[in-house]
Amino acid sequence: MKVKIGILSLTLFMIFNCGSGVDRVETNDAQSQVYAAAKFASEKCGNPLPNPPLVIVNKPIQRNLDLCTIAITRTECPFLGYPLVCTLIYLEEETGDIPWYLNFNEISKIQIK
């Protein structure tokens, strides 16, 4: 229940802060957000958290972090690895919009194992 409230709060936060420029998230906060999403997905699927864990080493861009956590929570079972979209959290530059020819739903289903 707490995870659902957290995801709802995150979604509302994203809606109200669209277009405010490049926002970065503190490393600890980003790590907590990814961990909460992964824990939600692992409990939903009945799998343990993927090993090795996704480690955040720098302050990721808020939008890229949000795309990663949304992809994790929407992942299909079994949850054995992190979605490919999560590689965006390691980028230092703003990626801009996802090109029209890329299907986010399909990209988010590819897992890094």
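This one's a predicted model, so the numbers in the text were calculated from it and none came from an experiment.

Caption draft 1: Highlighting the state of the cysteines. Under the counting rule described, the total for this entry stands at two disulfides. Disulfide partner of Cys45: Cys77, at an S-S distance of 2.1 Å. The sign of the S-S torsion, about -85 degrees, decides the handedness of the disulfide formed by Cys45 and Cys77: left-handed. Here the residue Cys45 occupies a position in helix α2 (residues 27-45), and Cys77 occupies one in the loop between α3 (62-74) and β1 (82-83), the gap between them amounting to 32 residues. When its relative accessible area of 17% is taken as the criterion, Cys45 is described as buried. Residue classification places Cys77 among the partly exposed positions, given a relative accessible area of 46%. A disulfide bridge connects Cys68 with Cys86, and the sulfur atoms are separated by 2.1 Å. When the S-S torsion is 90 degrees, as for the bridge of Cys68 with Cys86, the disulfide is right-handed. Within this pair, whereas Cys68 is found in helix α3, its partner Cys86 is found in the loop between β1 and α4 (104-107), the two being separated by 18 residues in sequence. Take Cys68: its relative accessible area is 0%, and that puts it in the buried class. Counting only the cysteines that form disulfides, in the order they appear in the protein, gives the pairing 1-3, 2-4.

Thresholds, definitions, all that
Residues numbered from 1 in each chain as written. Predicted model: local features only at pLDDT ≥ 70, side-chain atom pairs only at ≥ 80, totals over all residues. Heavy atoms only, no water. Disulfide = S-S within 2.5 Å. Helix = DSSP H or I, 4+ residues; strand = E, 2+ residues; numbered from the N terminus. Buried < 20%, exposed > 50% of the residue type's maximum accessible area, 1.4 Å probe, protein only.

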